[in-house]
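Here is how the chains run, residue by residue.
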Amino acid sequence: MIVLGLSGAVSHDASAALYIDGKLVAAAEEERFIRDKHAKGKMAYEATRFCLEYAGVKPEQIDIVAFPYAQISLTSPARWHYAKRYWYAPDRAIMALLNGNRRYDSNYREVMKLLDDLDIGSSRVKFVPVEHHLAHASSAYHLSGFKEKCAIIGIDGKGEYATTFFGYGENGKIHKIKEFYDPDSLGGMYGSLTEFLGFEILDGEFKVMGMAPYGDPNRFDFSRLIDCDGKNFKINTQLVNCLGMRRYKEKGKGYYFSQKLIDWLGPKRQGDEIDDPYIDYAASIQQLLETTALSLIEHYLGDIIKDTGKLCFAGGVALNVKLNQRIIDLPGVKELFVQPAASDAGTAIGAASFASEQAGVPVEKLQHVYLGPSYTTDECIQACEQYEQKVNWSRMTNVPVETAKILDYGNPVAWFQGRMEFGPRALGNRSILGSPSHRGVADRINAQIKYRERWRPFCPSILDTVAADILQTDHPSPYMTFTFDVAEHWKQRIPEVVHEDGTARAQIVNKNTNARYYSLIEEMEKLSGNAVILNTSLNRRGEPMVCSPTDALNMFYGSDLEYLVMEDILIKKP
Ligand SMILES: [Fe+2]
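First, a word on scope: everything that follows refers to the structure included in this document. (Residues numbered from 1 in each chain as written. Predicted model: local features only at pLDDT ≥ 70, side-chain atom pairs only at ≥ 80, totals over all residues. Heavy atoms only, no water.)

Bound to the iron ion are the protein donor atoms H132 (NE2), H136 (NE2), D156 (OD) and D344 (OD), situated 2.1 to 2.3 Å from the metal. One can describe the donor arrangement at the iron ion as irregular, given that its four donor atoms subtend angles of 91 to 168° at the metal. The motif formed by the donor residues of the iron ion, counted along the single chain, is H-x3-H-x19-D-x187-D. Of the two residues, H132 and H136 are both situated in helix α6 (residues 132–144); the distance of four residues between them amounts to about one turn of the helix. Neither residue differs from the other here; H132 and H136 are each classed as buried. (Donors = N, O, S within 2.8 Å, 3.2 Å for Na, K, Ca; no water. Tetrahedral: all angles 85-135°; square planar, octahedral: opposite > 155°, others 65-115°. Helix = DSSP H or I, 4+ residues; strand = E, 2+ residues; numbered from the N terminus. Buried < 20%, exposed > 50% of the residue type's maximum accessible area, 1.4 Å probe, protein only.)

With that out of the way, let us pick up the packing of helix α13 (residues 377–385) against helix α19 (residues 549–557). Between α13 and α19, the shortest axis-to-axis distance is 9 Å and the interhelical angle comes to 50°. Here α13 lies oblique to α19, going by the angle between them. Our pair here, α13 against α19, has a crossing hand that is right-handed. On α19, the residues that touch C380, A383 and C384 of α13 are P549, T550 and L553. Classifying every residue of the contact of α13 with α19 gives five nonpolar, one polar and no charged. (Axes fitted to C-alpha atoms, helices over the stretch in contact; angles between N-to-C directions. Parallel < 35°, antiparallel > 145°, perpendicular 65-115°, else oblique. Left-handed = near helix turned anticlockwise from the far one by under 90°. Contact = heavy atoms within 4.5 Å. Nonpolar A, V, L, I, M, F, W, Y, C, P; charged D, E, K, R; others polar.)

Looking now at the packing of helix α3 (residues 77–85) against helix α4 (residues 90–98). Remark: α3 packs on α4, axes separated minimally by 8 Å, with the N-to-C direction vectors making an angle of 165°. By the angle class used here, α3 and α4 are roughly antiparallel. The handedness of the crossing between α3 and α4 comes out as left-handed. Contacts from R79, W80, Y82 and A83 of α3 reach α4 at R92, A93, A96, L97 and L98. A per-class count over the contact of α3 with α4 returns seven nonpolar, no polar and two charged.

In structure tokens form, the structure reads like this:
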């Protein structure tokens, strides 16, 4: 059975994923192909084309198309909650009651058009709409590989109306325990503060999280943003998650926070220079997110955690690696699985896995995220030969050995190998690498790729042989979805990848999923004594991660990087 999953239901992060008989064969984000971050307002045309071509599947062979957005009935509490809470924006409130599936209808039209444009056939194929939070939940539960009963958490900005999902998975089925609805959204609250701190929603949340450890969470009391008794919560929409007239406006742009928030906290942060008091605000919002989410998790999922200790988590807020560290630290938690493409890109996998399971074909545990296109050395050479300027390339005889030497001299290296990663993290196939033992390498990378925000820490890829010693835990971490406390005796050895608060967002690398990357880190260990490499994504600020060899060359020549390794060739700047 062939199931195509498509995301892009809420106007960003369109992607496609293809399951064949329960096996995830290919998945990719549209932004990588069209070179437009988050592919706002787009459907996944190029990503779908790639998935079909990669799998050798003809459009007419697809049995099911699954989409992470469904109709919400008027009898559901969701639409009534929304209408009640948005009384101050009557047009929205009335719309939710009278025409509450308007967005579903427009999504449906766009998906049908895509199916016809790509010859999949809208009238032939079976179309399965999946509630947005069920798609997030499915991406977490069905890909976790957990056999025992496990708790499921879904937290994002919003899907149709739901913003937060607590449930559990058992015997292949997902059960809802509790949902919260817009405007009561933790992701929305964090996003509103992200805008106030001068960053953009969807990307800026990582910067707020990076900023937080520099600030004092106790200097300002943020509790007025949310009313939470540990069981229910209500966002203060006088301050954040605002719509219509309540929104603060600047130069014609509306924000999710209000003038009242500015009256309280001062002007919105401008530029990237002013830190005080904004780093304290970042610390406060991070702490508020953590305490609220943890209290709800304990209330709704505490019994399941006590029973089996297994949890899985998806939705944009699942990319908050600091929150994830706190969840792992909860008593009774044995293992947390965070679906690595936790934001909306991952709902393509979520909807497809849900539809496959529903049709009686169980899906396999997620093996890795190397699910995008790959290119041969010959294709890389061809891209060099056809490039708009002369490219100084040469063949390497031993890629890991030669690359490790360049890195060990303290040079950053752009590294392009194998299949592109699905999800926001570079995991050793589209990466910029450095030696974490060389003080100053992080600054050098920042200078060479220009304008990488100083609030974003650099992260380590660590061999499985030393991970437990560095991170002081046996918890799995293949996808950089958690931070861990770095052991004291390692902090001085790998200073460039330890964050301000002594943590690192680590990827543990094993040989089975990425043999060449593993060999490279082994060679680094021979030279430096440390089986660790600094790894950041192969892109410049504001651009999507590199997909093709030509994208890599564009990125390379648009930066001050001096070395690019693509498959078996080395490109050097003169
Ligand atoms: Fe979502």
